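Survey of secondary and tertiary structure
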Amino acid sequence: AEANNGKGIAGICPLCTLANVRVDGTFVPRTEGVGIGAIWAADNGHEVINMALGATSASSMTRAAFDYATRKNVLALNASANEFSFHQNFQTVFDDVMAIGAVVPDNDLVQGNPSPLPTTTYLRKANFSNYGAHLDVVAPTDVITTGGGNGGYGDSSGTSSGARRRLASTRW
């Protein structure tokens, strides 16, 4: 999509450059692959690592990789997962990785609100987001995005969407 043409939407950070880093061939990668990807991003001048993946274990190498990225002023974020569970994915337990959970609009009538229209707040935990004290922040997830097919729009939902929204708000 093109920015500032009055048509559609162009994304949350049109001046940002993106690099997709393949860390494994599966949604639940080997932890070393994630660490190697973090080091590559830090060494190649990237400011943010945005992850939407889990790992079944954590290694000292991966922990050191995110420590290294932090020392190079790289912000790492990871979606908490959509299992509606207290359990965490291993990157989200590292101090150097911001764990992102999800909230959804509640559209409830706010007590004392003189307006007859509902007031939208984002105080409701999403019924799919992992939760618990290991989360650093929660972000709205139910939003309209491009990619709906045939040049249209579609809805995006999940902790991966929340991580992207949080990423956009941290861009400096």
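An account of the accompanying structure is given in this report. Residue indices begin from 1 for each chain and proceed along its sequence in written order. Where totals are concerned, whole chains, interfaces and linings use all residues; where local detail is concerned, this predicted model gives features only for residues with pLDDT of at least 70, and gives and counts side-chain atom pairs only at 80 or more. Note that the side-chain values use all heavy atoms of the structure and ignore hydrogens as well as water.

1. Structural notes on the nonpolar core
Nonpolar cores are built from buried Ala, Val, Leu, Ile, Met, Phe, Trp, Tyr and Cys residues. Side-chain atoms within 4.5 Å join them into one set. When accessible area is computed with a 1.4 Å probe and restricted to protein chains, residues below 20% of their type maximum are described as buried, those above 50% as exposed, and intermediate ones as partly exposed. Counting residues in each nonpolar core, the largest one holds 14 residues, and the members touching the most others are Ile49, Met51, Phe66, Ala76 and Val97. Secondary structure follows DSSP: runs of H or I at least 4 residues long count as helices, runs of E at least 2 residues long count as strands, and numbering of each begins at the N terminus. Only α1 (31-43), β1 (48-51) and α2 (60-71) provide two or more residues apiece to this core. Contacts are assigned to residue pairs that have any heavy atoms within 4.5 Å of one another. Setting aside residues up to four positions removed in sequence, Val97 forms contacts with Met51, Phe66, Ala76, Leu77, Asn78, Gln91, Thr92 and Asp136.

2. Some thoughts on unusual backbone geometry
Of note in the backbone geometry, Asn73 takes a positive phi value of approximately 60° without being a glycine. Mapping Asn73 onto the fold places it in the loop between α2 and β2 (75-79). Judged by its relative accessible area of 63%, Asn73 falls in the exposed class.

3. Details of α2
Three or four residues apart is the spacing at which side chains of an α-helix point the same way, because the helix has 3.6 residues per turn. Here α2 contains twelve residues, and its C-alpha end-to-end distance of 16 Å stays within 8% of the 16 Å for a straight helix at 1.5 Å per residue. Residues Thr62, Ala65, Phe66 and Ala69 constitute the buried set of α2. Looking down the long axis of α2, one finds its buried residues gathered within 90° of arc, a one-sided arrangement. Set apart from the buried face of α2 by more than 90 degrees, the exposed residues are Ser60 and Arg71. Residues of α2 that are buried make contact with α1, β1, β2 and β3 (97-104). Backbone geometry just after α2 places Asn73 at a positive phi near 60°. In a helix, the anticipated span is given by 1.5 Å times the number of residues less one. The reported arc concerns the directions from the helix axis to the C-beta atoms and nothing else.

4. Here's the deal with the environment of Ala41
In this fold, Ala41 is placed in helix α1. Between the C-alpha atom of Ala41 and that of Val21, which follows or precedes it by 20 residues, the distance is 8.0 Å. The residues touching Ala41, leaving out its near neighbours within four places in the chain, are His46 and Ile49.

5. Here we look at the pairing of β1
Side chains Ile49 and Met51 of β1 all project onto a buried face; the interleaved residues Val48 and Asn50 project onto a face where none is buried. In this scheme, strands are said to pair when DSSP sees at least two bridges between them. Judged from the four bridges that link them, β1 and β2 form a sheet pairing that is parallel. Bridge pairing in β2 places Val48 opposite Leu75.

6. Examining the packing of α1 against α2
Each axis is a line fitted through C-alpha atoms, taken for helices only over the stretch in contact, and angles between the N-to-C directions span 0 to 180 degrees. Viewed as axis vectors pointing N to C, α1 and α2 meet at an angle of 15°, and their least axial separation amounts to 8 Å. Relative to α2, the element α1 lies roughly parallel. Crossing of α1 against α2: the hand is left-handed. Touching Thr31, Glu32, Val34, Gly35, Ile36, Ala38, Ile39, Ala42 and Asp43 of α1 are Met61, Thr62, Ala65, Phe66, Tyr68 and Ala69, all from α2. Classifying every residue of the contact of α1 with α2 by side-chain character gives ten nonpolar, three polar and two charged. Here the word oblique covers every angle except those under 35 degrees (roughly parallel), over 145 (roughly antiparallel) and from 65 to 115 (roughly perpendicular). Should the near helix be turned counterclockwise from the far one by less than a right angle, the crossing is left-handed, whereas a clockwise turn marks it as right-handed. Any residue that is not Ala, Val, Leu, Ile, Met, Phe, Trp, Tyr, Cys, Pro, Asp, Glu, Lys or Arg is counted as polar, Gly included; the first ten are nonpolar and the last four charged.

7. Quick word on α1
Its 13 residues give α1 an end-to-end C-alpha distance of 19 Å, which sits within 8% of 18 Å, the value for a rise of 1.5 Å per residue. For α1, the complete set of buried residues consists of Thr31, Gly33, Val34, Gly35, Gly37, Ala38, Ala41 and Ala42. Its buried side turned inward, α1 meets β1 and α2. Backbone geometry just downstream of α1 places Gly45 in the positive-phi region, at approximately 80°.

Purely geometric stuff here, so don't read any function into it on its own.
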